[in-house]
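# Working through the structure, step by step
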Amino acid sequence: FQVLGYMAASFLSTLSIVLFLGWAVRRSLASRIPAEGYRAYLPEIFRYMLWLGLGILVSSLQGTVEPWVIRHRLSLHDSAGYYLVAMFGNIPAYVAPAMGPFLFPLVSARHAKGESTRGMHWQSLAVVLAIGAALVLLFAFAGSFLLDIRPSWRTYADFAPYIWQVAIVTTLSAFVGVHMTHENACGRFSYLWYYVPIVLLEVGLLYGLMGWEFFRPYLSTGLWNWVGGLVSRDLQFTISFMLGARILLFFCIVMDIMVFRRYAVTQKEPGIVGAQI
């Protein structure tokens with residue numbers, strides 16, 4: 001079925017999740033459950049949604065711009081090769097989404113009781129890094145073998161070194177995602193102070209540098225040539241740029257955890273935990 005099969009499989013997988021969740025909450029939606037008013041908590045809920053929405057918006061922008069730049073700024077061969085290597089390199093990304101539905105309520109419950117969430121936080125981050133590191137090593141040694149499995153993949157055999165690089169990008173993205181999930185569950189959004197500027201700077205520079213020709217009429221010839229000489233508009237430069245942003249976020253998160261983090265709340269609050277930034 002080719003593209004139709006891909007779209008049908010994606011739709012059916014999402015539909016199955018919706019049906020499963022609908023079946024799971026059917027009892028909670030029964031009419032015998034008395035309704036509870038949450039009007040008093042609406043301002044707090046909206047504040048939480050605001051900060052959470054900002055993080056989701058910036059994350060979605062990053063996930064959209066990066067592959068878009070590769071598709072529209074590089075050659076068709078590079079674009080197809082990246083899609084193939086990303087099929088393997090994105091495997092570490094499956095860890096965080098599988099963990100998130102369990103991590104969020106567990107962390108939120110402990111935080112609401114004033115208990116420390118340090119163990120859950122560190123263990124979750126360690127699991128992501130351990131699985132990601134194992135996959136990176138596997139792809140570093142077996143990348144060429146993977147692309148040799150099918151004749152249609154052998155066309156992109158020279159892209160094998162990119163598999164483990166994309167896997168590092170994906171692992172660090174999962175690391176960032178787990179940290180964001182933990183902080184969101186605690187109602188803390190201080191990570192946005194470094195997450196939003198770094199991601200916006202990354203996607204803005206990446207988009208601008210990969211389309212540097214656009215700025216020729218607006219800049220001096222010397223400046224335009226100097227910046228253009230620093231940029232290699234190829235797949236390696238793009239992936240390295242993506243990796244650099246993740247490494248910077250990784251170190252910011254490590255500093256956030258080790259220097260500024262307080263895991264136990266000092267006061268229990270009624271309703272949902274207040275969003276703090």
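Residues numbered from 1 in each chain as written. Predicted model: local features only at pLDDT ≥ 70, side-chain atom pairs only at ≥ 80, totals over all residues. Heavy atoms only, no water.

### Notes on the overall build of the chain
Scanning the chain from terminus to terminus reveals 10 helices and zero strands. Sequence-ordered secondary structure for the chain, helices as α and strands as β, is α-α-α-α-α-α-α-α-α-α. Here the chain holds 277 residues, and the buried ones make up 38% of them. Accessible surface, the chain as shown: approximately 16,700 Å² in total, 70% of it carbon and sulfur. (Helix = DSSP H or I, 4+ residues; strand = E, 2+ residues; numbered from the N terminus. Buried < 20%, exposed > 50% of the residue type's maximum accessible area, 1.4 Å probe, protein only. Areas by Shrake-Rupley, 256 points an atom, 1.4 Å probe, with all protein chains shown as cover.)

### Describing the nonpolar core
Counting residues in each nonpolar core, the largest one holds 64 residues, and the members touching the most others are Tyr82, Tyr195 and Leu235. Those elements giving two or more residues to this core turn out to be α2 (42-73), α3 (76-89), α4 (95-112), α5 (118-147), α7 (160-185), α8 (192-210), α9 (221-230) and α10 (235-260). Looking at this core, the element that brings in the most residues is α7, giving 13 residues. Setting aside its immediate chain neighbours within four residues, leucine 235 contacts Ile70, Leu74, Asp78, Tyr82, Phe159 and Tyr162. (Core = buried A, V, L, I, M, F, W, Y, C linked by side-chain atoms within 4.5 Å. Contact = heavy atoms within 4.5 Å.)

### Some points on the packing of α2 against α8
For the pair α2 and α8, interaxial distance at closest approach is 10 Å and the crossing angle is 20°. The angle between α2 and α8 falls in the class roughly parallel. Regarding α2 and α8, the two cross each other, and that crossing is left-handed. Between α2, through Trp51, Leu54, Gly55, Val58, Ser59, Leu61, Gln62, Val65, Glu66, Trp68, Val69 and Arg73, and α8, the contact on the second element is made entirely by Leu192, Tyr195, Val196, Val199, Leu200, Glu202, Val203, Leu206, Tyr207 and Met210. The residue makeup of the contact of α2 with α8, split by class, is 16 nonpolar, three polar and three charged. (Axes fitted to C-alpha atoms, helices over the stretch in contact; angles between N-to-C directions. Parallel < 35°, antiparallel > 145°, perpendicular 65-115°, else oblique. Left-handed = near helix turned anticlockwise from the far one by under 90°. Nonpolar A, V, L, I, M, F, W, Y, C, P; charged D, E, K, R; others polar.)

### Observations concerning the side chain of glutamate 66
Relative to the elements of secondary structure, glutamate 66 occurs in helix α2. For glutamate 66, a relative accessible area of 4% puts it in the buried group. Of note is the side chain of glutamate 66, whose polar atom sits 2.5 Å from the side chain of arginine 246. Sequence-distant contacts of glutamate 66, that is, excluding residues within four places in its chain, are made with Glu202, Leu206, Met242 and Arg246. (Polar contact = N/O pair within 3.5 Å; in protein donor to acceptor, adjacent residues only side chain to side chain.)

### A look at the pattern of salt bridges
Overall, the coordinates contain six salt bridges when judged by the stated rule. Taking the shortest distance from any N to any O, the salt bridge between arginine 246 and glutamate 66 comes out at 2.5 Å. Taken together, the positions of arginine 246 in helix α10 and glutamate 66 in helix α2 put the pair 180 residues apart, joining distant regions of the chain. Owing to a relative accessible area of 6%, arginine 246 belongs among the buried residues under this scheme. Arginine 188 serves as the salt-bridge partner of glutamate 183, at 3.2 Å between the closest nitrogen and oxygen. A network of salt bridges, in which partner residues are shared, links Glu66, Glu202 and Arg246. (Salt bridge = Lys/Arg side-chain N within 4 Å of Asp/Glu carboxyl O.)

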